[in-house]
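Each chain, letter by letter, is given below.
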Amino acid sequence: MEFNTLVKTQLFTILQKYGFEIAEEFKNILRFQSSGIKVNVVFNRYDGAFLVEIGKQDNELYPLNDYVVKELFHSSLSVEQVTPEIFVQNLYAIFCTPEGIELLQGNVKSMKSIAIQQSDNYTSELLLNQGLEVASRAWEAKNYIAFVESINKIGISKIPQLYQLKYKIAKQKL
């Protein structure tokens, strides 16, 4: 079944129940809105990826991905890397939960908090990996001063044990 038809026949019923209408529709893209909330449902057929975004009108939209489903809904249902049929079924099941109903009624605080936490975790991980890359290059060049400075910027407690050992060795060599 075509994606838009699948979403409209299986998902739109619960959205209508909470005052949503179809605001825009393009091939593989449906944008729903109620008086206060927007929900975008998108399928990228080239890579088989789905995108669900939810947020208040005139505000930022937050992604509803597997991490958010796990953290907010305490569920193992997937909205990523599944068939369109499973995606729509799982999204329907998520929206039928008390937390899903809260979202559809306009309470996006929890989702926003989890999305920000996920973004912060991603940024922290990225910065840690970049810092460790700088430290590794300094280690390979036997530039122990730069290595120690790199580790100090990261924080000794945040680095893997191997780098902690290298840090001790570098400190001894200084």
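Here the structure is shown first, and the text comes after it.
Note that this is a predicted model, so its numbers are computed, not measured.

Let's shift gears to the pattern of salt bridges. Side chains that differ in charge, positive against negative, can pair when their charged atoms come close. Applying the stated criterion across every chain, the model contains three salt bridges. Ionic pairing is found between Arg137 and Glu133, a salt bridge with its closest N-O pair at 3.4 Å. With Arg137 and Glu133 both in helix 6 (residues 109–140), this residue pair falls four residues apart, about one helical turn. A residue is classified by how much of its surface remains accessible, and Glu133, at 41% relative accessible area, is partly exposed.

So, on to the side chain of Asn28. Residue position: Asn28 is located in the loop between strand 1 (21–26) and strand 2 (29–33). Leaving out residues up to four positions away in the same chain, Asn28 has contacts with Phe3, Asn4, Val41, Val42, Phe43 and Arg45.

All right, on to the environment of Gln161 then. Here Gln161 lies in helix 8 (residues 161–173). Each C-alpha atom of the pair Gln161 and Ala135 lies 14 Å from the other, and the pair is 26 residues apart in sequence.

Quick look at the sheet that holds strand 1 now. Taken in spatial order, the five strands of this open sheet run 1-2-3-4-5, and their pairing is antiparallel. The outermost strands of the open sheet, each flanked by one partner alone, are strand 1 and strand 5 (62–63). The pairing of strand 4 (residues 49–56) with strand 5 spans two bridges and is classified as antiparallel. What sits directly across from Ile54, in strand 5, is Tyr62. Lying over the sheet, helix 4 (residues 84–95) contacts strand 3 (37–44) and strand 4, oriented at roughly 25° with respect to strand 4.

Taken as a whole and assessed by the stated rule, the structure comprises eight aromatic pairs. Aromatic side chains Phe50 and Phe87 sit 4.1 Å apart centroid to centroid with 5° between the ring planes, which places their arrangement in the stacked category. Here the residue Phe50 occupies a position in strand 4, and Phe87 occupies one in helix 4, the gap between them amounting to 37 residues. The class of Phe50 is buried, set by a relative accessible area of 11%. In this structure Phe87 comes out as buried when scored by relative accessible area, which is 0%. An angle of 55° between the planes, with centres 5.2 Å apart, marks the rings of Trp139 and Phe147 as tilted. Site record: aromatic cluster; members linked through ring pairs are Phe3, Phe43, Phe50 and Phe87.

Inspection of the secondary structure puts Ile169 in helix 8. Spatially, the C-alpha atom of Ile169 lies 41 Å from that of Val68, the residues being 101 residues apart in sequence.

Turning to unusual backbone geometry, a few remarks are in order. Backbone geometry at Asn28 places phi at a positive 65°, although glycine is not the residue there. Residue class for Asn28 comes out buried when judged on its relative accessible area of 8%. In this model, Gln81 sits at a positive phi of 55°, which is unusual for a non-glycine residue. By secondary structure assignment, the location of Gln81 is in the loop between helix 3 (66–73) and helix 4. When its relative accessible area of 77% is taken as the criterion, Gln81 is described as exposed.

Reading the values: the criteria
- Residues numbered from 1 in each chain as written.
- Predicted model: local features only at pLDDT ≥ 70, side-chain atom pairs only at ≥ 80, totals over all residues.
- Heavy atoms only, no water.
- Salt bridge = Lys/Arg side-chain N within 4 Å of Asp/Glu carboxyl O.
- Helix = DSSP H or I, 4+ residues; strand = E, 2+ residues; numbered from the N terminus.
- Buried < 20%, exposed > 50% of the residue type's maximum accessible area, 1.4 Å probe, protein only.
- Contact = heavy atoms within 4.5 Å.
- Pairing = 2+ DSSP bridges.
- Axes fitted to C-alpha atoms, helices over the stretch in contact; angles between N-to-C directions.
- Phe/Tyr/Trp six-rings, centres within 6.5 Å; stacked < 30°, edge-to-face > 60°.

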